[in-house]
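Given next are the chains, with one letter for each unit.
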Amino acid sequence: MKILKENAGPLTNFEVVDFLRSRGAANDPTRVLAPLAPSEFKVYDYLVSTPACSQTRESIAEFATKCKPYKLTKSEITNIINIRPSSFVEIDPLIENLESRLGESVEEVVELVVQLFSPPENQSNLIDESKELEDNM
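Residues numbered from 1 in each chain as written. Predicted model: local features only at pLDDT ≥ 70, side-chain atom pairs only at ≥ 80, totals over all residues. Heavy atoms only, no water.

Caption draft 1: Local environment of the overall build of the protein chain. Along its length, the protein chain carries eight helices and zero strands. Seen in sequence order, the protein chain has helices and strands lined up from the N terminus as α-α-α-α-α-α-α-α. Within the span of the protein chain, comprising 137 residues, buried residues form 32% of the whole. Within the protein chain, contacts between residues at least 6 apart in sequence are counted, and of these 54% link residues at least 24 apart. Working note: accessible area of the protein chain is about 9500 Å², and carbon and sulfur atoms make up 54% of it. (Helix = DSSP H or I, 4+ residues; strand = E, 2+ residues; numbered from the N terminus. Buried < 20%, exposed > 50% of the residue type's maximum accessible area, 1.4 Å probe, protein only. Contact = heavy atoms within 4.5 Å. Areas by Shrake-Rupley, 256 points an atom, 1.4 Å probe, with all protein chains shown as cover.)

Caption draft 2: Quick peek at the side chain of Asn82. Following the sequence through the fold, Asn82 ends up in helix 4 (residues 74-83). With a relative accessible area of 19%, Asn82 lands in the buried category. Once residues lying within four places of it in the same chain are set aside, the contact partners of Asn82 are Leu11, Thr12 and Asn13.

Caption draft 3: Up close: helix 7 (residues 106-116). Restricting attention to buried positions, one finds in helix 7 the residues Val106, Val109, Val110, Leu112, Val113 and Leu116. Buried residues in helix 7, looked at end-on, bunch into an arc of 155 degrees, giving them a common side. Along helix 7, exposed side chains directed more than 90 degrees from the buried face belong to Glu111 and Gln115. Where the residues of helix 7 are buried, they touch helix 3 (57-66), helix 4, helix 5 (88-91) and helix 6 (98-102). (Arc of directions from axis to C-beta.)

This is the structure:
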């Protein structure tokens, strides 16, 4: 393998999953045939259970484009893509000086995340369970 661009920047979880799939992680249930180290399989197994497995290149690119007016750094955008905050409380630790930099636009960024990235399965299940509990009361 030839390194094309050394230290090109941080990767999103989706990019790591995509890279591991391209090396054969998804095609080898025996964990013997693919040229991956056991640690790479563990990383793959973990990332498949995260929201990264349901993201697309298009949604990530669209999110990065729509975030330009907010002047977020690349690392802040990467963290938002990986963590998928769905409220002010979740996005606050991801952006430095949040209120002074974004002000009222914080809710717009949160809405953008919710709009472009579907909620993680476990979060969807929690929402469904809470609705069921409310209906039963």
